[in-house]
Amino acid sequence: MLLRFLGEAGIYHPDRDAIKFTALSGGDALDCFVTRSALEVIGCTAADSPQALAERFQRNRALIELAATVKYQRSPAGSIIELEAGDLQDLSQDLTRGLTPSRPSKTFDMEG
């Protein structure tokens, strides 16, 4: 099942050290979190402020949404998707090997 992502800005959650965004699956809302470690894969550092994390999230939103979709398709149970470093590393490797993203009209800012 495909996810539909709401266009709201990502919100930093200090208890998870992650940016939260929302996806819809059918009629169900799913809380999605992209952790600092995942954002470090695409250029953040351990010293970056919450604002810097949110900005990196926005610049790489298409890639992050694709990673959330892939993770959800692999394990659709539950109402939370938490993206960690390995999720983005795996997806980045797949994209580097030339696999076509599911939304080719989007661009991926892998360098920052």
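Residue positions are given per chain, counted from 1 along the sequence in the order it is written. Only residues with pLDDT of at least 70 get local features here, since the model is predicted, and only at 80 or more are side-chain atom pairs given and counted; chain-wide, interface and lining totals rely on the full set of residues. Hydrogens and water are ignored here; the side-chain numbers use all heavy atoms of the structure.

1. Focus on the packing of aromatic side chains
Next, step 1: Ring pairs shown here join Phe, Tyr and Trp side chains whose ring centres sit within 6.5 Å, with only the six-membered ring taken for Trp; geometry is labelled stacked below 30 degrees between planes, edge-to-face above 60, and tilted in between. Within this structure, the stated rule accounts for 2 aromatic pairs.
Next, step 2: Note on phenylalanine 21 and phenylalanine 57: the rings are 5.1 Å apart at their centroids and 40° apart in plane angle, and the pair reads as tilted. Of the two residues, phenylalanine 21 is situated in strand E3 (residues 18-25) and phenylalanine 57 in helix H2 (residues 50-59); the sequence distance between them amounts to 36 residues. For the pair phenylalanine 21 and phenylalanine 57, one class covers both residues: buried.
Next, step 3: Lying across the ring of phenylalanine 33, arginine 16 places its NZ or CZ 4.0 Å from the centre. Helix and strand assignments come from DSSP, with helices taken as H or I runs of at least 4 residues and strands as E runs of at least 2, each series counted from the N terminus. When accessible area is computed with a 1.4 Å probe and restricted to protein chains, residues below 20% of their type maximum are described as buried, those above 50% as exposed, and intermediate ones as partly exposed. A ring is scored as having a charge over it whenever the NZ atom of a lysine or the CZ atom of an arginine sits within 6 Å of its centre and within 35 degrees of its normal.

2. Quick notes on the side chain of threonine 69
Next, step 1: Here threonine 69 shows up in helix H3 (residues 61-74).
Next, step 2: Beyond its immediate stretch of four places on either side in the chain, threonine 69 contacts Leu2, Leu3 and Phe5. Every residue pair with non-hydrogen atoms within 4.5 Å of one another is taken to be in contact.

3. Comments concerning H3
Next, step 1: The span you would expect from a helix comes to 1.5 Å times its residue count less one. The end-to-end C-alpha distance of H3, which contains 14 residues, comes to 20 Å, matching closely the 20 Å that a straight helix rising 1.5 Å per residue would cover.
Next, step 2: With respect to burial, H3 is a largely interior element, 10 of its 14 residues being buried.

4. Some points on the nonpolar core
Next, step 1: Core analysis: the largest hydrophobic core is formed by 24 residues, its most contacted members being Phe21, Val34, Leu39, Ile64, Ile81 and Leu83.
Next, step 2: Contributions of two or more residues to this core are made by E3, strand E4 (28-35), helix H1 (36-41), H2, H3, strand E5 (80-83) and helix H4 (85-96).
Next, step 3: Among the elements that line this core, the one with the most residues is H3, at 6 residues. Buried Ala, Val, Leu, Ile, Met, Phe, Trp, Tyr and Cys residues that are joined via side-chain atoms within 4.5 Å together make up what is termed a nonpolar core.

5. Overview of the pairing of E5
Next, step 1: Of the two faces of E5, only the one carrying Ile81 and Leu83 is buried; Ile80 and Glu82 on the other face are not.
Next, step 2: Two elements, E4 and E5, share 4 bridges in a ladder whose sense is parallel. Bridge assignment links valine 34 to a residue of E5, and that residue is leucine 83. Strand pairing is assigned whenever DSSP detects at least two bridges linking the two strands.

6. Comments concerning the environment of arginine 61
Next, step 1: Positionally, arginine 61 belongs in helix H3.
Next, step 2: Since its relative accessible area comes to 11%, arginine 61 is described here as buried.
Next, step 3: Linking arginine 61 and glycine 7, residues 54 residues apart in sequence, is a C-alpha distance of 9.8 Å.
Next, step 4: When neighbours within four sequence positions are excluded, arginine 61 is seen to be in contact with Leu6, Gly7, Glu8, Ala9, Gly10 and Phe21.
Next, step 5: Any N or O atom pair separated by 3.5 Å or less is treated as a polar contact, with the protein-specific requirement of one donor-capable and one acceptor-capable atom, and with residues adjacent in sequence counted only for side-chain atom pairs. Engagement of the side chain of arginine 61 in a polar contact is seen with the backbone oxygen of leucine 6, the distance being 2.7 Å.

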